[in-house]
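Summary of the model geometry
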Amino acid sequence: MGRSAFISRREGRYLFRARWPACLAKNSTSAFRISLRTADYKVAAARAARIGSWMLNVKAADDPEAALRALWPRLQTLAVEPARDEAGHVERSAFQLVAFEAQYRVRRLGLKPNNVVPGWDEHFVGLVRENSKAANIRAKAATVEGQLERRRRELFHQGADPAATARVAISQPALGSPLASLPETKGDKRSPLSAVLAAFLKWREGEDGDRSAGNDIAPVVQFAIDLWGDPCLQDVGPDQIVQLKQAMPEIPTPEGIPANKRSLFQRWSIAKATNYSIVDADGKTTKLTRVSASTLRKRYRTGLNTFWKFLIDNGYVPGPAPDFSSSSKKNPPAVERDAFHEGELLEFLSRPLFTGCASISRTWVAGRFFCQTFFYWAVLIQLLCGMRPGEISQLRCVDIASLYDKWHFRFAKRSLLAEGEEDGDGSEDAADTAPGGNDAKTRNAFRWIPVHPLLTELGLLRQRDAIVEHYLARKFSEAGGKDKLTAIQIAKLADEASQQWLFPDWKVYVLPTGEIRWSQAASKSWQYVKSKFKMTREGLALYSARHTFKGFIDDVKGLSDRSRRVVMGHAPAVDTPGGYGPKSITEEQADVILQLSNPTIDRMSVILLDAKRKADSGELKVVEAWRNDERTGDTKLQDALEERAKQYR
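All residue numbers refer to position in the chain's written sequence, counted from 1. Local features in a predicted model are, by the rule used here, given only for residues with pLDDT of at least 70; side-chain atom pairs are given and counted only at 80 or more, and totals for whole chains, interfaces and linings are based on all residues. In computing side-chain values, all of the structure's heavy atoms are included and hydrogens and water are not.

Turning to the nonpolar core, a few remarks are in order. Where a protein is soluble and globular, its nonpolar side chains tend to be buried together. Counting residues in each nonpolar core, the largest one holds 79 residues, and the members touching the most others are Phe16, Phe223 and Phe307. In contact with Phe307, not counting residues within four places along its chain, are Leu193, Val196, Leu197, Phe200, Ile217 and Val221. Formed by 78 residues, the second largest nonpolar core is a distinct cluster that contains Leu380, Ile392, Leu502 and Ile607. In these notes, a set of buried Ala, Val, Leu, Ile, Met, Phe, Trp, Tyr and Cys residues joined through side-chain atoms within 4.5 Å is what counts as a nonpolar core. Throughout this description, buried means an accessible area under 20% of the type-specific maximum (1.4 Å probe, protein chains only), exposed means over 50%, and partly exposed covers the range between. Only heavy atoms enter the contact rule, under which two residues are in contact if any of them lie within 4.5 Å.

A word on the side chain of Asn331. Assignment of secondary structure puts Asn331 in the loop between α14 (293–313) and α15 (342–349). By relative accessible area, which is 6% here, Asn331 ends up buried. The contact partners of Asn331, leaving out residues within four places of it in the chain, are Pro249, Arg290, Val291, Ser292, Ala293 and Leu296. Under the DSSP-based scheme used, a helix requires at least four consecutive residues in state H or I and a strand at least two consecutive residues in state E, with every element numbered from the N terminus.

Surface patches are drawn from residues lacking salt bridges whose relative accessible area is over 30%; two like charges belong together within 9 Å, two nonpolar side chains (Val, Leu, Ile, Met, Phe, Trp, Tyr) within 5 Å. Calculation of accessible area relied on Shrake-Rupley with a 1.4 Å probe; when residues are assessed, cover is drawn exclusively from the protein chains displayed. Whenever a carboxyl oxygen of Asp or Glu lies within 4 Å of a side-chain nitrogen of Lys or Arg, that contact is scored as a salt bridge. Asp and Glu count as negative and Lys and Arg as positive, but His and the ends of the chain are not part of the count. In this description, the location of a charge corresponds to atom NZ of lysine, CZ of arginine, CG of aspartate or CD of glutamate. Residues Arg10, Arg17, Arg19 and Lys59 make up a contiguous surface patch of positive charge. Here Arg19 lies in strand β2 (residues 13–19).

So, on to the sheet that holds β2. Strands pair, by our definition, only if DSSP identifies at least two bridges between them. Overall, antiparallel pairing links the three strands, which are arranged β1-β2-β3 in an open sheet. Looking at strand neighbours, the two that pair on one side only are β1 (7–10) and β3 (31–35), the edges of this open sheet. Pairwise comparison of adjacent strand axes, ignoring direction, gives a mean angle of 35° for this sheet. Two elements, β2 and β3, share five bridges in a ladder whose sense is antiparallel. Within the sheet, the bridge partner assigned to Phe16 lies in β3 and is Ile34. Angles shown run from 0 to 180 degrees and are taken between the N-to-C directions of axes, each axis being a line fitted to C-alpha atoms and, for helices, limited to the stretch in contact.

Turning to unusual backbone geometry, a few remarks are in order. Positive phi, close to 60°, is recorded for Arg37, a residue that is not glycine. Judged by relative accessible area, which is 9%, Arg37 ranks as buried. The phi dihedral of Tyr276 is positive, around 65°, even though this residue is not glycine. Within the secondary structure, Tyr276 is located in the loop between α13 (264–274) and β4 (277–279). Overall, Tyr276 belongs to the buried group, its relative accessible area being 13%.

Let us look at the pattern of salt bridges. Tallying each qualifying case throughout the model produces 27 salt bridges. Arg537 serves as the salt-bridge partner of Asp338, at 2.7 Å between the closest nitrogen and oxygen. Linking Asp338 in the loop between α14 and α15 with Arg537 in the loop between α22 (520–532) and α23 (544–554), this pair joins segments that are 199 residues apart in sequence. When its relative accessible area of 31% is taken as the criterion, Asp338 is described as partly exposed. One salt bridge in this structure joins Lys612 and Asp616, with 2.9 Å as the shortest N-O distance. Of this pair, Lys612 and Asp616 both sit in helix α26 (residues 599–617), four residues apart, roughly one helical turn. A residue is classified by how much of its surface remains accessible, and Asp616, at 56% relative accessible area, is exposed. Where salt bridges share partners, they join Asp610, Arg613, Lys614 and Glu619 into one cluster.

Okay, structure coming up:
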């Protein structure tokens, strides 16, 4: 058969197309297709010849074992050489797809590929790693940053003025590059998928004000690109969609996989090549676990749906979008979070952090110090107010405010308001115009939450006042004394003081994309505590405190389900009548929460207030944890907050 018989043309570009070898075919009409990534026939013929040279040998095989042996000579060559150019990357991608199918069929026969062909596993992992590396390089090169950097290097070698390179790079993208090939108008099906992903991420960065889509959506789209070999959109058909839906449930969690091999495609490739069992250099075997069903549903399907909607809205593909739902019985269900049992909760609150610790750096070792750290308050505010950890982390001193003449947390879109300024009706269109405006899970999370009296007794308001006073004292000292300032300057400093973080010792992590992980430090602390004190019951999590609060208010008579939803920051409408009524907490609802009491809370109070009494009497030495300011000097955080503020200017 002539090599050109493998080439087909679709909308100006070429792909390699052939029937699957009979020993590997799912059915008699099953076809193997992969983009040759060129519109030049001579180039396409040369690339098809490279694939056909070993594909013909596989076609002659009588069974999967013979197919594996037919692939072995070429695998030995490809495993030890890098992907030097586009032609090599095309062949390697095609080879990997066929080899995957061959070893899968061998395993279906109850055999191990390494027993059929000694050395197969080692060489195949080497091939997959090199292919993944090449795919990552291509994806990076397809981004705007990658194109600009490549253009800068070209101009530098040509002796151009370095100061002008950025302007020229933007105005003159390299000929033939993914950036240059992106359509100026909607709907170019000849765009490679990696280039369209780059365009999508650039658009989302403008929409979101950060590059959070690079964490939430890009990984699963990049997995599809790697799996399919970065085809043009015109080459993505039903076969590719089905292949993707079959592959996603096979992705393992990162646990046990080297830190530099954790892209979805790398994880999937390693799991397939090792049959979900990794042996390290010391001979220790680690079993890989597939991602949960909720990860497939909430992250992968949602990410693909969002990306495909972008494709449809911008004319790249026609609608409707494919159904990206996928699962298998091997994917574990998500672990349901549970509330604390009373005994667990009281035992947890009897630990040194709450009753007396060794030092601020050893809060889980018993000692003579009383340290009300961010984690101390994070646990108690969840238990007594039901706020999410990420919401608590974002509170400022000004966010403890008076409503109905009682203290409330004010978690709002605009938390940095001057005293007396109204926030309007909290509508969805209300913009946060201040740096550091709050992130929320949904718009229903913006709400007023009563401050339980036990928190006041434990000194939360005193901590707020101490932070404000400390800031003012420092600013007055820097000015040479309060009397050196005008009334307007003093008022401005007072406003700045009220806008200081309520928990400045709560370290905030900023990802390279600019996304802020508000609650990550609390999550890490919880994992440490859970392991140290062997809190192994299924369902226990940092969120268990919030679930416990929900149990508290479920037992309150006279509080409607809609009221509970408002207090928890959930959507109040579960049906048409539920959409009617106040969207924020009423005075009656607030009174119910402020008077919240039950035997469990009473027993909690005894433990917590006894430690506070010892601190006030001097039996425990007080360490003001809020003085350990993790935020003011964090330039990454300040830069991220400033970038977020720009989108509202």
